[in-house]
Amino acid sequence: MSKLFVDKTIEINALASKVWDVLTISEYNRQWALEFSSGGPQFHLESTWELGSPVLWKGQDGTVIVEGNVTAVEQNKLLRFTVFDVRSLERPPVTEEDGITFKMSEDNRKTTLHILQGDFSVMTDGKKYRDASAEIWDKVLPRVKEMAEQH
């Protein structure tokens, strides 16, 4: 089966450092992470964003909903971390490109933010999850853009 990734790009009228802040600082990411809760519990991301450090998606009560680890980091340029729903018993094997990858490239005070999420082909009903995630990113990316441009 071929690999299934969400692959999206957005142009942001802000420096990469501002986009990085919106992605990594809890007070900002709790605003765009709401899109992932789809009416369920609201959550935010907690991490030191250092290589190998845990990434925890926590609900308002502090419960960990999704967990992972930072697998690649280059400040203002690249951030990749694995993503496992702790409510799921299924933990597929992880390759280097799996999880969520944010790539930023800055040119003339504008940043291109590229996100890659997957590989969904290792999951049961992977295409359904990939398509649902793509819809969420279509809401998240404009929110990240708006926040970075106002930051």
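For the structure given in this document, a descriptive report is provided here. Because the structure is a prediction, the values reported are computed rather than measured.

## A short note on the packing of helix α1 (residues 16–24) against helix α4 (residues 126–150)
For step 1, the next point in the chain: It is the contact of α1 with α4, at a shortest axis distance of 9 Å, that shows an interaxial angle of 125°. Of the possible angle classes, the one that applies to α1 and α4 is oblique. In the packing of α1 onto α4, the handedness of the crossing is right-handed. In contact with Lys18, Val19, Val22 and Leu23 of α1, α4 contributes Val144, Met147 and Ala148.
For step 2, the next point in the chain: Of the residues contributing to the contact of α1 with α4, the split by class is 6 nonpolar, no polar and 1 charged.

## Topic: the environment of glutamate 106
For step 1, the next point in the chain: Inspection of the secondary structure puts glutamate 106 in strand β7 (residues 99–107).
For step 2, the next point in the chain: With a relative accessible area of 44%, glutamate 106 lands in the partly exposed category.
For step 3, the next point in the chain: For glutamate 106 and valine 144, which are 38 residues apart along the polypeptide, the C-alpha to C-alpha distance reads 15 Å.
For step 4, the next point in the chain: Sequence-distant contacts of glutamate 106, defined by excluding residues within four places in its chain, comprise Leu15, Ala16, Ser17 and Thr111.

## Concerning the packing of aromatic side chains
For step 1, the next point in the chain: For the structure on display, the rule yields 5 aromatic pairs.
For step 2, the next point in the chain: With a centroid separation of 6.3 Å and an interplanar angle of 75°, the aromatic rings of tryptophan 32 and phenylalanine 102 are classed as edge-to-face. Of this pair, tryptophan 32 sits in helix α2 (residues 26–32) while phenylalanine 102 is found in strand β7, placing the two residues 70 residues apart along the sequence.
For step 3, the next point in the chain: Connected via pairs of aromatic rings, a cluster forms that spans Trp32, Trp49, Phe81, Phe102 and Trp137.
For step 4, the next point in the chain: Positioned above the aromatic ring of tyrosine 129, the side-chain terminus of lysine 128 is 5.3 Å from the ring centre.

## Describing the nonpolar core
For step 1, the next point in the chain: Formed by 38 residues in total, the largest nonpolar core has its most connected members in Trp32, Trp57, Phe81, Phe102, Leu113, Trp137 and Val144.
For step 2, the next point in the chain: Considering each element in turn, this core owes the most residues, 8 residues, to α4.
For step 3, the next point in the chain: Residues within four places of tryptophan 137 in sequence aside, it is in contact with Val6, Lys8, Phe36, Ile100, Phe102, Ile115, Gln117 and Pro142.

Cut-offs applied
The numbers attached to residues start from 1 for each chain and follow its sequence in the written order. Only residues with pLDDT of at least 70 get local features here, since the model is predicted, and only at 80 or more are side-chain atom pairs given and counted; chain-wide, interface and lining totals rely on the full set of residues. Heavy atoms throughout the structure, all of them, feed into the side-chain values; hydrogens and water do not. Under this scheme, a helix contributes an axis fitted over its contacting stretch, all axes are lines through C-alpha atoms, and angles between N-to-C directions fall in the 0 to 180 degree range. Runs of H or I in DSSP of at least four residues are treated as helices and runs of E of at least two as strands, each being numbered from the N terminus. These descriptions rest on fixed angle ranges, namely under 35 degrees for roughly parallel, over 145 for roughly antiparallel, 65 to 115 for roughly perpendicular, and the rest for oblique. Should the near helix be turned anticlockwise from the far one by less than a right angle, the crossing is left-handed, and should it be turned clockwise, the crossing is right-handed. Residue contacts are defined here by distance: any two heavy atoms, one from each residue, within 4.5 Å place the two residues in contact. Note on residue classes: Ala, Val, Leu, Ile, Met, Phe, Trp, Tyr, Cys and Pro are nonpolar, Asp, Glu, Lys and Arg are charged, and everything else, Gly too, is polar. Throughout this description, buried means an accessible area under 20% of the type-specific maximum (1.4 Å probe, protein chains only), exposed means over 50%, and partly exposed covers the range between. Only rings of Phe, Tyr and Trp enter the pairing, Trp through its six-membered ring, and a pair is recorded when the two centres are within 6.5 Å. The plane angle decides the type: under 30 degrees is stacked, over 60 is edge-to-face, the rest tilted. Whether a charge lies above a ring is judged from NZ of Lys or CZ of Arg, which has to be within 6 Å of the ring centre and within 35 degrees of the ring normal. What we call a nonpolar core is a set of buried Ala, Val, Leu, Ile, Met, Phe, Trp, Tyr and Cys residues that are connected through their side-chain atoms within 4.5 Å.

Any link to function would need more than the numbers given here.
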